[in-house]
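Observations on the three-dimensional arrangement
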Amino acid sequence: MSRHSGNRLRTAFFVLVGTGASIAHMGCQAAPEEAGPTLIALEVQGLGLVDLPDGCTRVEPSSHALELACELLETTETPAGPVGSVYLELGEPTEGHIELADVSAIDVIREEQRPLFEALPGGEFLGVGGALFYGPFGAARYARGRFQAEDGTTLQRIRLFMVHPMENRLVNLVYDHPPGDNTDTAARVNNHLLVLLEHLRSWEDMPAGEDDSTTDEPATDESTTY
């Protein structure tokens, strides 16, 4: 598929599912086919996702380009947790350079994130995490807060953000889930958000699906790039 998309594709995204087969000849029997990674290509955003974290499934239909329902699975360190929702959103383009790796960025992030949380119903800003993470797009940080959902229940929100690989804007992974203790929050960050961070790719770095013939070739417009 062309890396350059026309205006007709600005409101579309699609899913490519790659599969692989492992055949072992044992008499007349063959080993069952093994599914390969799920490749989710978010063409409008210029991004892609290679596979999903354990406990997460894609939500369709959704008002977001990518939304997952994620259940915190039980491990030897943490108990199971209720299902939460993770979705992807893009920040507005900025003229200035965005640098998340500098310690000084924490103060800037705090000032930018606080009103986003406090504008929510019953919104409360809980601060910016001191940890700095790295993924395919470079540095990433997160902020936390609480708010009231439409049904009146309290939800905790984690916003993990990184700089878009091809544009000067933030890519946000927004995770809403029932409040838990610090162990619960750390597990959701480590097991879901950081796995998603590691699996994000720019559109140009997305691996090709095994069978590209199932996807129509779009009309191209060389004046529009992502």
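Provided above is the structure to which this section pertains.
A brief report on the enclosed structure follows.

Cut-offs applied
In this numbering scheme, every chain counts its residues from 1 along its sequence in written order. Predicted model: local features are reported for residues with pLDDT of at least 70 only, side-chain atom pairs are reported and counted for 80 or more only, and whole-chain, interface and lining totals are derived from all residues. To obtain the side-chain values, all non-hydrogen atoms of the structure were used and water was disregarded. Here the aromatic set is Phe, Tyr and Trp, taking the six-membered ring for Trp, and pairing holds for ring centres within 6.5 Å; pairs whose planes are under 30 degrees apart are stacked, those over 60 apart are edge-to-face, and all others are tilted. Whether a residue is buried, partly exposed or exposed follows from its accessible area with a 1.4 Å probe, protein chains only, as a fraction of its type maximum: under 20%, in between, or over 50%, in that order. Lysine NZ or arginine CZ positioned within 6 Å of the ring centre and within 35 degrees of the ring normal marks a charge as sitting over the ring. The way it works is that DSSP assigns letters per residue, a run of H or I at least four long becomes a helix, a run of E at least two long becomes a strand, and they are numbered from the N terminus. By nonpolar core is meant a set of buried Ala, Val, Leu, Ile, Met, Phe, Trp, Tyr and Cys residues that side-chain atoms within 4.5 Å join together. Any two residues having at least one pair of non-hydrogen atoms within 4.5 Å are treated as being in contact. One fewer than the residue count of a helix, multiplied by 1.5 Å, yields its expected span. Values of bend correspond, residue by residue, to the angle between axes fitted over the seven residues ending at that residue and the seven starting there. Throughout this description, a polar contact denotes any pair of N or O atoms lying within 3.5 Å of each other; where both atoms belong to protein, one of them has to be capable of donating a hydrogen while the other can accept it, and for residues adjacent in sequence the pair is counted only when both atoms sit in side chains.

**Points about the packing of aromatic side chains**
Counting across every chain of the model gives two aromatic pairs. Their ring planes at 45° and their centres at 5.6 Å tell us that F117 and F125 sit as a pair that is tilted. Residue F117 is classed as buried on the basis of its relative accessible area of 1%. When the centroid spacing of 6.1 Å and the interplanar angle of 25° are considered together, the rings of F133 and Y142 count as stacked. With respect to burial, F133 and Y142 carry one shared label: buried. Over the aromatic face of F147 sits the side chain of R157, whose NZ or CZ is 4.6 Å from the ring centroid.

**A closer look at unusual backbone geometry**
The omega angle of the peptide bond from E60 to P61 is -5°, so this bond is cis rather than trans. Along the chain, P61 falls in the loop between β4 (56–58) and β5 (67–72). A positive phi angle is found at D51, which is not glycine, with a value near 70°. Mapped onto the secondary structure, D51 falls in the loop between β3 (47–50) and β4.

**Digging into the nonpolar core**
Counting 27 residues, the largest nonpolar core has L88, F133, L160, M162, L173 and L193 as its most contacted members. Listing elements by their share of this core, those giving two or more residues are β2 (34–42), β3, β5, β6 (81–90), β9 (138–148), β10 (154–163), β11 (170–177) and α2 (182–199). Sorting elements by how many residues they give to this core places α2 first, with five residues. With sequence-adjacent residues up to four places away left out, L160 is seen in contact with F133, A140, R141, Y142, V171, N172, L173, L193, L194 and L197.

**Here's the deal with α2**
In this model α2 runs 25 Å from its N-terminal to its C-terminal C-alpha over 18 residues, within 8% of the 26 Å that 1.5 Å per residue would give. Its maximal kink placed at V189, α2 deviates by approximately 30°. All of the buried residues along α2 are D184, T185, A187, R188, V189, H192, L193, L194, L196 and L197. Capping the start of α2, D181 holds a side-chain oxygen 3.1 Å from the backbone nitrogen of T183, two or three residues further along.

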